[in-house]
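Analysis of the macromolecular model
Listed below, chain by chain, are the residues.
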Amino acid sequence: MCRQKAKTIPIIAFLILTLTGCGSQNTNPDLVSIKDAQNRFDKEAEELRNRAFDNISFKEAYFSFPDVSKIYNLEYEELVTDISYSPDEAYAITCDLTDAFFPGRYDAEEKADVIRLIDAGAANFDETRDDPLSLLYAVDLSYYPTLEQYKEKNLSPTYNHSCLEIANQDCYLEVFNGVVRGYDQGDLPKRCDYDRSYNHFQILKAYPIVYRTTDLESDRTYHLESGDITIAEAVRSANECLSEMKLSNVRDMPFVPKVQSVNVLDMGNGCFVFCFKLAAEYKKMEFHTVEMDAEDGAVDFVIDQTNILDFHGEAVMYQADSITRYQLFPAFVHSDVRETDSYTAVLPLEKAAEITSDYLTDGMSFEALSVRAGYKSIIENPDLSGQQTDEEDAPQLVTIRPCWQFLLQPTTEPSNQLYYVYVDMITGEVYTTIQNMNSDVGYSGCENDEGN
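Keep in mind that this is a model prediction, so the values were computed, not measured.

**As for the pattern of salt bridges**
Counted by the stated rule, this structure contains 19 salt bridges. For D113, the salt bridge is made with R116, and the minimal N-O distance between the two is 3.4 Å. R116 gets classed as buried once you look at its relative accessible area, which sits at 7%. For E291, the salt bridge goes to K277, with nearest N and O atoms at 2.8 Å. In this pair, E291 is assigned in the loop between β15 (285-286) and β16 (300-304) and K277 in strand β14 (residues 271-282), connecting sequence segments 14 residues apart. Comparing E291 with K277, the two get one shared label, buried. Among the charged side chains, a salt-bridge network with shared partners connects R51, E350 and E354.

**As for the pairing of strand β24 (residues 430-436)**
Among the seven residues in β24, seven count as buried, and that is most of the element. Of the two faces of β24, both are covered, the one formed by V430, T432, I434 and N436 as well as the one formed by Y431, T433 and Q435. As defined by bridge partners, β16 adjoins β24 across four bridges and the pair is classed as antiparallel. In the strand pairing of β24, F301 is matched with Q435. Here strand β23 (residues 417-424) runs beside β24; their pairing, made up of seven bridges, is antiparallel. Among the inter-strand pairings, Y420 is bridged to a residue of β24, identified as T433. Where β23 hands over to β24, the hairpin turn is made up of five residues, of which G428 adopts a positive phi near 80°.

**Thoughts on the packing of aromatic side chains**
Counted according to the given criterion, the structure contains 25 aromatic pairs. Their ring planes at 55° and their centres at 5.5 Å tell us that F41 and F65 sit as a pair that is tilted. Taken together, the residues span a long stretch of sequence, with F41 in helix α2 (residues 41-50) and F65 in the loop between β4 (62-64) and β5 (71-77) at a distance of 24 residues. You'll find F41 and F65 in the same group, each marked buried. Measuring from ring centre to ring centre gives 5.8 Å for F287 and F332, while their planes differ by 90°; the resulting arrangement is edge-to-face. With F287 in the loop between β15 and β16 and F332 in helix α10 (residues 331-334), this pair connects stretches of sequence that are 45 residues apart. What makes F287 buried here is its relative accessible area of 7%. Owing to a relative accessible area of 7%, F332 belongs among the buried residues under this scheme. Joined through ring pairs, the aromatic side chains of F41, F53, F58, F63, F65, W404 and F406 make up one cluster. For R220, the ring lying beneath its charged end belongs to Y211, and the centroid distance is 3.8 Å. Here the basic side chain of K376 rests over the ring of Y422, its NZ or CZ set 5.2 Å away from the ring centre.

Criteria and thresholds
Every chain is numbered on its own, with residues counted from 1 as its sequence reads. Given that this is a predicted model, residues contribute local features only at a pLDDT of at least 70 and side-chain atom pairs are listed and counted only at 80 or more, while totals for whole chains, interfaces and linings are drawn from all residues. Side-chain calculation: all heavy atoms of the structure are included, whereas hydrogens and water are not. Salt bridge, as applied in this entry: a Lys or Arg side-chain nitrogen positioned within 4 Å of an Asp or Glu carboxyl oxygen. Throughout this description, buried means an accessible area under 20% of the type-specific maximum (1.4 Å probe, protein chains only), exposed means over 50%, and partly exposed covers the range between. For the purposes of this entry, the term helix denotes a DSSP run of H or I that reaches at least four residues, the term strand denotes a run of E that reaches at least two, and both are numbered from the N terminus. Should DSSP find at least two bridges between two strands, the strands are taken to pair. Each Phe, Tyr or Trp ring (for Trp, its six-membered ring) is paired with any other whose centre lies within 6.5 Å, and the angle between the two planes then decides the class: stacked below 30 degrees, edge-to-face above 60, tilted in between. Charge-over-ring placement is defined geometrically: NZ (Lys) or CZ (Arg) within 6 Å of the ring centre, and within 35 degrees of the ring normal.

Shown next as C-alpha cells:
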C-alpha cells in the first residue's frame with residue numbers, strides 16, 4: 001500500500017461555527033460572461049481595495065483570475081482508475097525516470113537494489129523483531145521488496161495501483177501510477193545531516209521561516225546562493241522549471257504544477273531558500289489548496305464544510321532556475337477525473353465579495369490575503385463514520401466546482417487562524433474552511449515596500 005505522508009493526514013477538531021451560516025447558501029446570482037468578467041476584473045479588484053466593508057479589508061489582497069474562456073465541473077471517485085501497470089512495467093518506468101531525474105547516479109545493478117515496490121507492503125518486516133516506527137522512518141526502505149523479491153515471494157499490490165520509491169540518504173524519488181509524485185536531489189537534507197528517508201524531509205522545519213506571502217508579483221528581494229532575486233522572478237523561474245519537468249514517460253498529464261504562495265527561509269550565511277506552495281492547474285485554472293504550515297508538515301483545522309481538502313505540494317529553490325525538491329499528489333494521478341459540465345459565464349468578483357462579507361459573522365474583522373478563481377473539491381454526503389479502511393467500501397464521489405476563494409486573516413483574536421471562504425462561481429453557494437496555523441510567521445498579501 002502506498003503510505004500516506006504526514007502532510008496528508010489532517011488533525012480535525014470540530015468547534016463552534018463562527019459564521020452566520022452553518023452550510024451552503026444559494027443566492028441565484030446574475031452571471032456575466034467570462035470575457036466580461038476578465039475585462040472588468042482589474043477595475044473591480046481596485047474598487048474592492050478602496051471599498052469599506054464592515055468586516056473585510058481588501059487593501060493588500062492579491063487578486064488572480066486566469067486567462068480562460070471556459071471553466072468546468074469535474075468529478076471523480078476516490079482511488080478509482082483504469083490505469084494499471086504490471087510490476088515489470090512499473091519498475092521499467094521508474095528506472096527510466098530515475099535516469100531522467102538523477103542522470104548517471106545509479107547503474108542497473110544499483111537500481112535493482114534501491115528501487116522498492118511500496119505497494120506490496122513491508123514484505124521484509126519482522127513483527128517480532130522490528131520496531132513498527134521504523135517502517136515510517138526507514139532509512140533505506142529495506143523492509144519493502146525489490147522487484148526480484150516481489151517475484152520470488154509471489155507478492156501482489158495492496159490496491160490496484162503501483163507505487164515505487166527510492167528513499168535513502170542519497171536522494172528520493174516516488175513514482176505512483178507511472179507519475180512522479182515527488183523527488184529530492186538530496187542537497188539540502190545532506191546539509192542538515194538529516195538521518196531519515198529523504199521523502200520525509202521537511203524544509204519548513206529545517207530552516208526558520210522569515211517571510212510568507214500570497215503575492216506572486218512581489219518585488220521583495222532575497223539573496224540565494226546564485227545571487228539576488230525578487231519573489232516575482234523566483235516564482236516565474238519556478239513555474240518555468242515545473243512546466244518543463246517530465247513527470248511521466250508513459251502518461252500525458254492533464255495538469256501542470258503551479259506556484260500559489262511563497263515561504264522564504266533563512267539558510268544562514270546571508271543566503272535564503274524559497275519553499276513554494278504548489279497546486280495542480282487544469283486547463284489554466286488552479287485548484288485551491290490550504291496554506292503550508294511548519295508543524296510536521298500537517299494541516300490542523302478547526303472546521304471544513306466541504307468535507308475534503310485539496311492539499312498543497314511543494315517545490316524548493318535555493319539557486320535560481322533549479323528545483324531541488326518537488327512533491328505534489330493531485331487527484332489526476334490516483335483517480336479518473338472527468339468533466340461533467342462546462343460554463344462560459346460566472347459570478348462577478350464584486351458580487352462574490354459581497355456574498356462573502358454578508359456570510360461572515362458580525363463582530364469579526366478580516367484582512368484579505370488573496371482572492372482567486374479556481375477549483376474546489378467537495379463531498380456533498382460524506383461518510384461520517386471516518387476514513388475508509390475496507391477496500392470493498394464504496395468509494396466517495398468527489399465533485400469539483402469552480403469557486404472564488406477568499407483567503408482571510410482575522411485582525412481580531414484568534415489571529416493564528418486562516419479563513420477560506422469559497423463562493424461557487426455559478427450558483428453563489430458558500431463553503432468555508434478554518435485552518436489553525438502553528439507557524440509564528442503569518443502570511444502577507446500585496447505590499448509596496450521592498451524586502452532584504
